[in-house]
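Read off the chains here:
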Amino acid sequence: MLEVHRTHRVKILNHAQVEGSLDRHGWSASKLWNVANYHSRQQWEATGEIPDHGDLKNELKTHNNYKGLHSQSSQRVLEELAEGFNSWYGKRKSDTRANPPGYRKRNYYDQQGRRVHEEHPRSTVTWKQNGIKHDVKNNRVRLSKGANHKQHPKAWEYILVEYETRSSVTVENVQQVRAVYDKAKQRWELHLVCKHEIETPTAPGTETAGIDLGICNFAAVAYSTEEADLYPGNRLKQDGYYFPKEIAKCDDSGGEEATRLHAKWSERRTHFFHSLATHIVERCIENSVGRINIGKLAGVREDNNGNGNSKNWGKHGNLDLHGWAFDRFSNILEYKAKVEGIEVGEVSEHDTSNTCCVCGRKDESQRVERGLYVCEEHDDGDGDGDGDGDGDGDAFNADVNGAENIRLDINHTESNSESAPDLGGDRSTGWLAQPGVYFHDLSRGFQPRIEVVDCKP
């Protein structure tokens, strides 16, 4: 049996009865976030170190705002903040524009532009198993209140939420409940995270695939069936330039409009990652793939000198790189592949970009341009290796070459029985040189390049 987790978004039927309690808990989550944020900044300025979520819990567990939520819900707020600070710490090494997590607040101004008052927005509140009691028969879930919001009699010590979901959805084995405030609809909704056990699926076949993650092309995929696909990151790039500019125009960086833009940007990234992972898994099924090799992310982020520092891709490259959550995409891909019986493993990217996937020759100069790789092995003097004296060399797409090397796992060839296919002929018109190209369409997911019409965010 295979254990998977699925999230179901459900409508709250008794919204009028529970809205006040959910509001108070949403505000409490924002207050706790701000208190922990202030403490983390103070620690950073004093010691140069960022407290982890365990340190935050030990420091704040007696704080009044910690008691505004169920203890596990408060812990989740602190975990999210610690994750945000760790992400910022990694980014700041190569991107001086990176900012630490901000405070959760909403400012209001008068006609003269003076701030008249400030309030906390409704943050997402997460309940884990100890704070949940699920009534499967009646589609109800009991959510424990924070100590500060409990009243007597005892029946008032929890929030009883009645929900509605699609008839085709079965909600059981609830592991986590998230109350999320929809600003557009001005109402709360629940996200129910459920554990499901399914029969272990049979792999689609025994073929393999390799995935190279990068800056210009978000993903290049090479298949052992002599096919290859490219997935340009144009959509992410457009969003990465558009949304920061629009957010910068907002009068208040923590205000309602800036918050809306941040949320929209995050939703579009998530949609991109899920659409891409779904399309790649579908293509793997078509090509009877049983295993996917994906390049280790350290090869993308770290400098080649081995000192552990972040690689500097230049001003725009760093902006693009840090706008993309490579590890998040890999987790989504692994989950979707596992459900189809496809194994996903990480392999080293060392030398995959400067090694010819056909003959194995290593030479950094062979990658002559960003998207072009030229191999001159077995040359007769003219540079193409075919003996006709035309001097062209074997040319193919550089990202596909890297993906094929990752598929072959060239750094562990002693344990790999596969070898590169003998393509023969002119590879400049083959799958190594002319892969399929798919662009992201907002309404239809990934489609062939000729079918996608670009549009502004």
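What counts, and at which threshold
Residues numbered from 1 in each chain as written. Predicted model: local features only at pLDDT ≥ 70, side-chain atom pairs only at ≥ 80, totals over all residues. Heavy atoms only, no water. pLDDT = per-residue confidence, 0-100. Helix = DSSP H or I, 4+ residues; strand = E, 2+ residues; numbered from the N terminus. Buried < 20%, exposed > 50% of the residue type's maximum accessible area, 1.4 Å probe, protein only. Polar contact = N/O pair within 3.5 Å; in protein donor to acceptor, adjacent residues only side chain to side chain. Pairing = 2+ DSSP bridges. Axes fitted to C-alpha atoms, helices over the stretch in contact; angles between N-to-C directions. Salt bridge = Lys/Arg side-chain N within 4 Å of Asp/Glu carboxyl O.

A. Expanded view of the confidence of the model for the protein chain. Looking at the protein chain, the pLDDT average stands at 81 and 77% of residues meet or exceed 70. For the protein chain, per-element mean pLDDT is lowest for helix H7 (residues 315–322), which scores 47, and highest for strand S4 (residues 125–128), which scores 96.

B. Structural view of the side chain of Gln447. Along the chain, the position of Gln447 falls in strand S18 (residues 445–448). Residue classification places Gln447 among the buried positions, given a relative accessible area of 16%. A polar contact is formed between the side chain of Gln447 and the backbone oxygen of Arg444, at a distance of 3.0 Å.

C. Local environment of the sheet that holds strand S14 (residues 343–347). Taking strand neighbours across the sheet as the criterion, the seven strands line up as S14-S13-S10-S11-S12-S17-S18 in an open arrangement whose pairing is mixed. Only two strands of the sheet have a single partner each, and these edge strands are S14 and S18. Going from strand to strand, the sheet's axes swing by 25° on average, the running direction of each strand aside. Looking at chain direction, strand S10 (residues 207–213) and strand S13 (residues 289–295) are connected through five bridges and run parallel. Opposite Gly210, over in S13, you have Asn293 as the bridge partner.

D. Representation of the pattern of salt bridges within the structure. Counting across every chain of the model gives 14 salt bridges. Arg291 is the salt-bridge partner of Glu343, the closest N and O atoms lying 2.8 Å from each other. Here Arg291 lies in strand S13 and Glu343 lies in strand S14, a separation of 52 residues in the sequence. What makes Glu343 partly exposed here is its relative accessible area of 47%. By relative accessible area, which is 27% here, Arg291 ends up partly exposed.

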